[in-house]
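A structural walkthrough
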Amino acid sequence: MFRSHTNGELSLKNLNEEVTLSGWVQTIRDKGFMIWIDLRDRYGITQLVFDQDRSTAELMENAKKLGREFVIQVTGKVIERVSKNPNIPTGEIEILVENLTVLNESQLPPFTIEDETDGGEELRMKYRYLDIRRNPVKDKLIFRHKMAQKVRNYLSDNGFIEVETPVLIKSTPEGARDFVVPSRMNPGQFYALPQSPQTFKQLLMVGGMDKYFQIVKCFRDEDLRADRQPEFTQIDCEMAFVEQEDVMNVFEGMTKTLLKDITGQEFGDFPRMTFADAMQKYGNDKPDIRFGMEFVELNDLVKGKDFKIFDEAELVVGINVDSIRAGGFEYSRKQIDELIEWVKRPQIGATGMVWVKHQYDDSFTSSVNKFYNEVDLRKIGNKFGSNVGNLMFIMSGPANKVRAQLSALRMEIANRHGLRDGNVFAPLWVVDFPLLEFDEESGRYHAMHHPFTSPKPEDIHLLETDPGKARANAYDMVLNGNEIGGGSIRIFDKDLQSKMFDLLGFSKEEAEAQFGFLMNAFKYGAPPHGGLAFGFDRLVAILDGNEVIRDYIAFPKNNSGRDVMIDAPSSIADEQLDELELKLNLKS
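Residues numbered from 1 in each chain as written. Predicted model: local features only at pLDDT ≥ 70, side-chain atom pairs only at ≥ 80, totals over all residues. Heavy atoms only, no water.

As a reminder, the rule being used: UniProt positions are given in the numbering used here, feature names are shortened, and annotations may be inferred rather than shown by experiment.
Looking at an unreviewed UniProt entry, the protein chain carries the name Aspartate--tRNA ligase, with the source organism given as Candidatus Chryseobacterium massiliense. Under the UniProt heading Catalytic activity (unreviewed entry), the entry covering the protein chain gives this text: "tRNA(Asp) + L-aspartate + ATP = L-aspartyl-tRNA(Asp) + AMP + diphosphate". According to the UniProt record, the Sequence similarities (unreviewed entry) comment for the protein chain is "Belongs to the class-II aminoacyl-tRNA synthetase family. Type 1 subfamily."

Brief notes about the packing of helix 5 (residues 198-206) against helix 15 (residues 508-522)
Rules: Here the axes come from fitting lines to C-alpha atoms, over the contacting stretch only for helices, and the angles between their N-to-C directions go from 0 to 180 degrees. Comment: elements are numbered from the N terminus, with helices defined as DSSP H or I runs of at least four residues and strands as E runs of at least two. Any angle that is under 35 degrees is reported as roughly parallel, and any over 145 degrees as roughly antiparallel; angles of 65 to 115 degrees are reported as roughly perpendicular and all others as oblique. Crossing handedness is defined as follows: a turn of the near helix away from the far one that is anticlockwise and smaller than a right angle gives a left-handed crossing, while the clockwise case is right-handed. Should any heavy atoms of two residues lie within 4.5 Å, those residues are considered in contact. Each residue receives one of three labels: charged for Asp, Glu, Lys and Arg, nonpolar for Ala, Val, Leu, Ile, Met, Phe, Trp, Tyr, Cys and Pro, and polar for the others, Gly being one of them.
Interhelical geometry of helix 5 versus helix 15 gives an angle of 20 degrees and a closest axis separation of 10 Å. Here helix 5 is positioned roughly parallel relative to helix 15, judged by the angle of their axes. Considering how the two elements wind past one another, helix 5 and helix 15 form a crossing that is left-handed. For the pair formed by helix 5 and helix 15, the contact residues are Thr199, Gln202, Leu203 and Val206 on the first element and Phe517, Leu518, Ala521 and Phe522 on the second. Of the residues in the contact of helix 5 with helix 15, the class split is six nonpolar, two polar and no charged.

A few points about helix 11 (residues 374-384)
To keep things clear, this is the line we draw: The classification of residues rests on relative accessible area computed with a 1.4 Å probe and restricted to protein chains. Under 20% of the type maximum is buried, over 50% is exposed, and intermediate values are partly exposed. Here the arc refers to the directions that run from the helix axis out to each C-beta atom. We call two N or O atoms a polar contact when they sit within 3.5 Å, provided that within protein one can donate a hydrogen and the other can accept it, with sequence-adjacent residues counted only if both atoms are side-chain atoms.
Buried within helix 11 are the following residues: Asp376, Leu377, Ile380, Gly381 and Phe384. Buried residues of helix 11 fall within an arc of 135 degrees about the axis and therefore sit on the same side. In helix 11, those exposed residues whose orientation departs by more than 90 degrees from the buried face are Val375 and Asn382. Residues of helix 11 that are buried make contact with strand 12 (296-297), helix 8 (299-302), strand 13 (315-321), strand 14 (354-358), strand 15 (364-366) and strand 16 (391-397). If you check the start of helix 11, you find a side-chain oxygen 3.0 Å away from the backbone N of Val375, and it comes from Asn373. Gly385 sits one or two positions beyond helix 11 and adopts a positive phi of about 70 degrees.

Some details on the nonpolar core
Applicable threshold: We call a set of buried residues a nonpolar core when its members are Ala, Val, Leu, Ile, Met, Phe, Trp, Tyr or Cys and they connect through side-chain atoms within 4.5 Å of each other.
If you look at the biggest cluster of nonpolar residues, it comprises 41 residues, and the most contacted ones within it are Leu155, Ile235, Phe251 and Phe534. For this core, the element with the highest residue contribution is helix 6 (residues 244-263), accounting for seven residues. Leaving out residues up to four positions away in the same chain, Leu155 has contacts with Phe160, Phe213, Ile235, Cys237, Phe251 and Met254.

Section: the domain arrangement of the protein chain
Stated formally: The domain boundaries here were taken from an automatic or database domain assignment.
Taken as a whole, the protein chain is organised into domain 1 (12-104), domain 2 (138-272 + 427-575) and domain 3 (291-417). Averaged C-alpha coordinates put domain 1 and domain 3 at centres separated by 62 Å.

Regarding the pairing of strand 20 (residues 474-479)
To keep things clear, this is the line we draw: Any two strands with at least two DSSP-identified bridges between them are counted as paired.
Where burial is concerned, most of strand 20 is hidden: six out of the six residues are buried. Burial along strand 20 is two-sided: the face carrying Ala474, Asp476 and Val478 and the face carrying Tyr475, Met477 and Leu479 are both buried. Where strand 20 lies against strand 21 (residues 482-489), six bridges are found, and the strand directions are antiparallel. Across the sheet, residue Tyr475 finds its bridge partner in strand 21, namely Gly487. Once strand 20 ends, the chain turns through two residues before running back antiparallel as strand 21, passing Asn480 with a positive phi of about 55 degrees.

Overview of the packing of aromatic side chains
To describe a pair of aromatic rings, you give the distance between the ring centres and the angle between the ring planes. Our working rule: Side-chain rings of Phe, Tyr and Trp (the six-membered ring for Trp) are treated as a pair once their centres are within 6.5 Å; stacked means planes under 30 degrees apart, edge-to-face means over 60, and tilted covers the remaining angles. As a reminder, the over-ring test applies to NZ of lysine and CZ of arginine, requiring each to be within 6 Å of the ring centre and within 35 degrees of the ring normal.
This model, assessed by the stated rule, comprises 16 aromatic pairs. The ring of Phe270 has Lys256 sitting right over it, with the charged end atom 5.9 Å from the ring centre.

Some words on unusual backbone geometry
That bond from Ala568 to Pro569 is cis: its omega, 5 degrees, falls within 30 degrees of zero. Looking at where Pro569 falls in the secondary structure, it is placed in the loop between helix 16 (536-543) and helix 17 (574-580). For Asp362, which is not a glycine, the phi torsion comes out positive at approximately 70 degrees. Tracing the backbone through its elements, the reader meets Asp362 in the loop between strand 14 and strand 15. The class of Asp362 is partly exposed, set by a relative accessible area of 36%. Positive phi, normally seen in glycine, also occurs at Asp567, with a value near 60 degrees. Mapped onto the elements of the fold, Asp567 is located in the loop between helix 16 and helix 17.

Notes on the state of the cysteines
The following threshold applies: Only a pair of cysteine sulfur atoms within 2.5 Å qualifies as a disulfide here.
All told, the structure shown has zero disulfides when counted by the stated rule. In this model Cys218 remains outside any disulfide bridge; the closest cysteine sulfur is found in Cys237, 12 Å from its own.

What about the sheet that holds strand 20?
With mixed pairing, the eight strands of this open sheet are ordered in space as 6-9-10-22-21-20-17-11. Looking along the sheet, the strands with just one partner apiece sit at the ends: strand 6 (161-162) and strand 11 (272-274). Where strand 11 and strand 17 (residues 427-431) come together, three bridges link them in parallel fashion. Bridge pairing links Arg272 to Trp429 in strand 17.

Looking at the sheet that holds strand 15
The five strands lie next to each other as 12-13-16-14-15, forming an open sheet whose pairing is antiparallel. Taken across any chain shown, the strands that pair with only one partner, and hence form the sheet edges, are strand 12 and strand 15. One ladder, built from seven bridges, connects strand 13 with strand 16; its direction is antiparallel. Across the sheet, Val317 pairs through a bridge with Met395, a residue of strand 16. Strands strand 12, strand 13 and strand 16 of the sheet are contacted by helix 12 (residues 399-416), whose axis makes an angle of about 10 degrees with strand 13.

Written as structure tokens, this is what we have:
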């Protein structure tokens, strides 16, 4: 028996018991006549003590040979600590060691394995197995496990069946780039790794599995960022004989359950916002509604004043920064200029920004006093609903472009002033997305979600006359400014699905080659169905008060899509290339 107890469970109730513990040496404090060692496992830390008055000389000598991260086993008696540590569960006791066994020695680790480490991110990713020993990472992985269990329990209790779908599938042209896998047995042909199990879960609905779910790995070969990895996990779900409300109610219920477990609070019905309103009020389709700063459009007030930048703009729009909401923060001219330079960065792309200040004597001033007098500025302030101390930032340009720029500014200001508290949760649904978006470069429509999304029933007729105006029977769940889940009611009629492929520019031959199996299945009685998929990594991070998903994944990739621990991706042997008949293609 390597251990009778873990390192996080002993207390005063175990006094005088003989126990056996195993774990890693966290720290060593050697006073010569007495040695204290913190022994760590994933459950906690227990202090060990070696005392020259109570321990043998051999035991004391062996204890002095220990190093950090040695794996050891000890037996001894539970005694009361003289100097107690109230910060850990085992802080009232220690183990007077009677026997010590070194199970494995360790080299000095490349960084300190403590909550506050001296290891940089790249170094810790290279030695991820060491990083996982640290509480901040370990606790995140345990939190992820608990969330997965709660999801499985909720869905199982609501009649869902977990079904595994294939990992080696067929590449399709829609969506992000596929990761492809060459087939040795079928030379020159390739599998793709799934971006989602979309078509398979629809086939499960045809098969009569009317409530399906899967916590599943998905793969997308796209550029990375803090909340994106090349391989990620979805809570993938589908339901038959449902309409939009049915799907939204089930998964709103699941999210409320998770939020209650974490916060202890009851959440009411999630607010709903149309895509059009989200874009008009916040400039993006996943707005963070925990703070104000809704967009205010000013075309009717600011044009015709000989200020060319506003007069020639399609849209003039701004936000109001309330000094009270921003923690009493007051902007200096230097800080305003810094924000103006910030929006001019290539990532944002603005040419400039106008500001208007509601001063404490209730007068107004601005960066465009030459064109707008006190009366004009007061009208602008009134449109914003401003109070003394408020600062308004105004941008102008093409409508879609300027909304995106102002949205970025709004989020930057919120981040700077701590308005995005990770312990405050504000969920909402965004609905009524456009079904299609027109791509000028390719000269054709693309599906806003995917080709299997149904138009809203009342908009189906628009597919013949004005497809760009058709709305999707789709819905996204947004939490704290992040899309955590999205789904739609699917097309289940083969003729409507064929019409959608036509609009997306597929020839009959291409549609048959890519999706003939699905169209064929629809001939055999496909039920009305719809579903939703949550990004599980992102959901877990946000529920834990963070937005960076990397620490919630056991072995993540870096921003270049590399696993620096195992050095992947890597080249493969010539013999493998020969077997796959890829060698000539790669050399050319």
